[in-house]
Amino acid sequence: MKFTDGYWLMRDGVQASYAAEVADVHVSDDRFTLHAPVRRVTDRGHTLNSPLLTVECWSPAEGVIGIRSTHHAGAAERGPDFALRADPGHSAKVTRDGSLLELAAGELSLRVDTAAPWRLDFTAGGRVLTSAEARGTGFAVTGDGAHHSLAQLSLGVGELVYGLGERFTPFTRNGQTVDVWQADGGTASEQAYKNVPFHLTNRGYGVFVNHPGKVGYEIGSEAVGKVQFSVEDQSLEYFVVHGPTPKDVLDRYTALTGRPAVPPAWSFGLWLSTSFTTSYDEETVNRFVRGMAERDIPLGVFHFDCFWMREYQWCDFTWDPEVFPDPEGMLRRLKDEHGLRVSVWINPYIAQKSALFAEAKRHGYLVRRPNGDVWQWDLWQAGMALVDFTNPDAREWYAGKLRTLAAQGVDCFKTDFGERIPTDVVWHDGSDPERMHNYYTQLYNETVFEVLREARGAGEAVLFARSATAGGQQFPVHWGGDCESHFGAMAESLRGGLSLGLSGFGFWSHDIGGFEGTPTPEVFKRWVQFGLLSSHSRLHGSKSYRVPWDYDEEAVAVTRDFTRLKHRLMPYLFRAARQAAERGTPVMRAMVLEFPEDPACHTLDRQYMLGDDLLVAPVFSADGEVEYYVPEGTWTHLLSGTRIQGPGWRRETYGFDSLPLLARPGSVVPFGESDDDAVYDWAHGVTLRVHAPADGATTQTRIPAADGSQGAVFRTRRDGRTVTVEAEGAPGPWRVLLAGADAEPAAGSSAVSERTELGTLLTVPAGADRVSALLTGS
């Protein structure tokens, strides 16, 4: 929210007050509290008739410092609140040298000169990261009497801001006004399904605002050298999170708000949907599934969208008996005959026509208005009411309906909606309606995720969720919501996914081909490439099917080839999934996350890194022309073996069988032996693709098992013209592909070599744990 009118004036009706100096300070071993008047106090009379801010400063974990500024402290404590995880073994250190006060949390420090005008400096590595300056801490009262607590942090020259959830507007947030407020606005507006009050910058830190309700951001838009954030409350709490790298920032932020769970390996396969309003029954489903099998396209999950239930009755969790008279049998046949997992659509609403409405109303499971009436409207479903997940009994009731479906054979749920949450209501636990608007999705997704974890076991739970807030990354996977079916929508979807990844979310997907409308064959084929080089991959539409043969025969080939490519990449992708769970690093990564030292990468939003080592530049044009940036070093095209020298921009044209997919210099990318399924023994018969190894460098490659346990470890080293790979725990024969290189086995090696179009392939027999090759080409 903007409070000022230009640099000099306040907006009409706004009265703002800012901390001016430190009146006194209370210090303990690991924290301090500042009392800050909003005017300079030069005599005792200045202490009268004027506010005094209380500013608490502490550290919940190394590299993280919290600030809580409070005007009036008498407000009632009303939830909900984000569940944060402080490090119990961490202890900050406070030192005082004359008027200089410092709170140290590892390399990150907060410094305050208590004798100077108000200023909070956050420092690390011998430099100031950001500061709360003259207008950096305060509050404003608007003409309607609303009280807003606010903070401003400085931006350096060239400093760029990212994150704040899944946002489809320009990738860098500078110059934008952003309201963190859940909305069902599609991917073509400034609204967002996944609002997260966390941003990071390209200067080595991030900021998390610990408020689940509406947070208003002015990012270089009210004061061009500042990020301002405000809440309608008497206090404002935020955490500065140090890196120094962007990955380190996400590591510390997700340690505070929750790490992503690892989705089951099968979820990385291709998902096919009925689409939304299309007509379908069991025969339609079987025709789709048979059609994929007949065309040799491996399918992992089949998804039933809304109309698996009867119209006007969402959600009653009951299969439409006229369309699906034998749901248990149908699900069993899909599993036994085709090896599929099954997903079904749900939402947190109960329509009035559903028999569950009266049941839920009778037991008090629905959100009510202040006068005691059940809150209802006709948007989406006629007479729709909202399940009150703050009521433990309502959560258990809802979970019970899902357990019945899981017992029938449903493996996962698409948790749609959760954004349009009313504020003119009363919650069972007394939660503040404004704070619950954004937070509701956390309770909704958590309830569903826990049902699946209980029913399927640890490591088997996965959602396909649309809404989320801070902490929602714990319940993957999330998808991008309703986009149109053209190249522009494909690009805005990618922007949203990269933004969400920079907000702590490890796994993300999107509707391949777009949701609204019907894509052209060109859009469909390019979106298939992008979708199958994403964390998770789903074919889904609104009024039209997304089976590839509805577009053309080339679309069938593209879908088949890229699905099989993704399956072979599973040992690589699952390793990236483990990184998301261990450190909060997303599987799909904005270029700035992997190359923070390269300024050319700081604004890139039409390409990304898939895991550590693969650069993907989707094609956003019908003619196949694509422009992308290659960082420093010798990169290798994964599909052709062509070597490309960076740094620099490239403009190339690709057929539908390819796109820019480059392996990082020195990388070793494991390719699994099987391309029929996402789940198999990834280490057995694995091929290690070695790309331009640097002399003297050693690379360790861990191949996980599908259950997350350690499968095998390989170590690759180059010494001069000799490349040596050693194996530990390899369960069978394995291979080494020296991509783009001519080589021959070293003397005494048991490997068999052959020259391929991608480079030299060495096949190592079972039982051998070492191979060496001599590079013979230039």
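Before any of the text, the structure's been laid out above.
For the structure given in this document, a descriptive report is provided here. Owing to the predicted nature of the structure, the values given are computational and were not obtained by experimental measurement. (Residues numbered from 1 in each chain as written. Predicted model: local features only at pLDDT ≥ 70, side-chain atom pairs only at ≥ 80, totals over all residues. Heavy atoms only, no water.)

1. Let's talk about the sheet that holds strand β46 (residues 759-764)
Stated formally: Two strands qualify as a pair provided DSSP detects at least 2 bridges between them. Helix and strand labels come from DSSP, where a helix needs a run of H or I of at least four residues and a strand needs a run of E of at least two; each type is numbered from the N terminus. To define axes, lines are fitted to C-alpha atoms, for helices over the stretch in contact only, and angles between the resulting N-to-C directions are given on a 0 to 180 degree scale.
Taken in spatial order, the 5 strands line up as β38-β39-β43-β46-β45 in an open sheet, and their pairing is mixed. On the outer flanks of this sheet lie β38 (668-671) and β45 (752-756), each paired with one strand and no other. Averaged over all neighbouring strand pairs, the angle between strand axes comes to 20°, with direction disregarded.

2. Notes on the sheet that holds strand β27 (residues 412-415)
Pairing within the open sheet is parallel, and its 6 strands lie in the order β27-β24-β23-β22-β31-β30. Both edges of this open sheet fall to β27 and β30 (511-512), since each of them pairs with a single strand only.

3. Observations concerning the packing of aromatic side chains
Stated precisely, the cut-off is as follows: The rule is short: rings of Phe, Tyr and Trp, with Trp giving its six-membered ring, pair when the centres are within 6.5 Å, and they are stacked under 30 degrees, edge-to-face over 60, tilted in between. Each residue's exposure class comes from its accessible area (1.4 Å probe, protein chains only) as a fraction of the maximum for that residue type: buried when under 20%, exposed when over 50%, partly exposed otherwise.
Evaluated as defined, the whole model comprises 45 aromatic pairs. Between Y217 and F229 the ring centres are 5.9 Å apart and the planes differ by 45°, which places this aromatic pair in the tilted class. One end of the pair, Y217, is in strand β19 (residues 215-219); the other, F229, is in strand β20 (residues 226-231), and 12 residues separate them in sequence. No difference in accessibility class separates Y217 from F229, as the two residues are buried. Relative to W319, the ring of F304 lies with its centre 5.1 Å away and its plane at 85°, an arrangement referred to as edge-to-face.

4. Thoughts on the pairing of strand β39 (residues 687-691)
Counting buried positions along β39 yields 5 of 5 residues, so the element is predominantly enclosed. The alternating pattern of β39 places T687, R689 and H691 and L688 and V690 on opposite faces, both of which are buried. In this structure, β38 lies alongside β39, joined through 4 bridges in antiparallel fashion. Considered in β39, the bridge of F671 is made with T687.

5. A closer look at helix α5 (residues 392-408)
Convention followed: Every helix has an expected span of 1.5 Å times one less than the residues it contains. Contacts are assigned to residue pairs that have any heavy atoms within 4.5 Å of one another. Between N or O atoms, a polar contact is any pair within 3.5 Å; within protein, one atom must be a potential hydrogen donor and the other a potential acceptor, and residues adjacent in sequence are included only when both atoms are from side chains.
Over its 17 residues, α5 extends 25 Å from the first C-alpha to the last, a length consistent with the 24 Å expected when each residue adds 1.5 Å. Taken as a whole, α5 has its buried residues at A394, W397, Y398, A399, L402, L405, A406 and Q408. Along its buried surface, α5 packs onto α3 (327-338), β24 (341-346), β25 (349-350), α4 (355-363), β27 and α6 (433-456). One side-chain oxygen at the N-terminal end of α5 lies 2.9 Å from the backbone nitrogen of D393; it belongs to N391. Looking at the residues trailing α5, positive phi occurs at G409, about 125°.

6. Re unusual backbone geometry
With an omega dihedral of 15°, the bond running from P476 to V477 counts as a cis peptide bond. Structurally, V477 can be placed in the loop between α6 and β28 (478-479). Between G646 and P647 the backbone carries a cis peptide bond, its omega angle lying at 5°. Along the chain, P647 falls in strand β36 (residues 643-653). For L164, which is not glycine, the phi torsion reads 70° and is therefore positive. Within the fold, L164 resides in strand β15 (residues 161-165).

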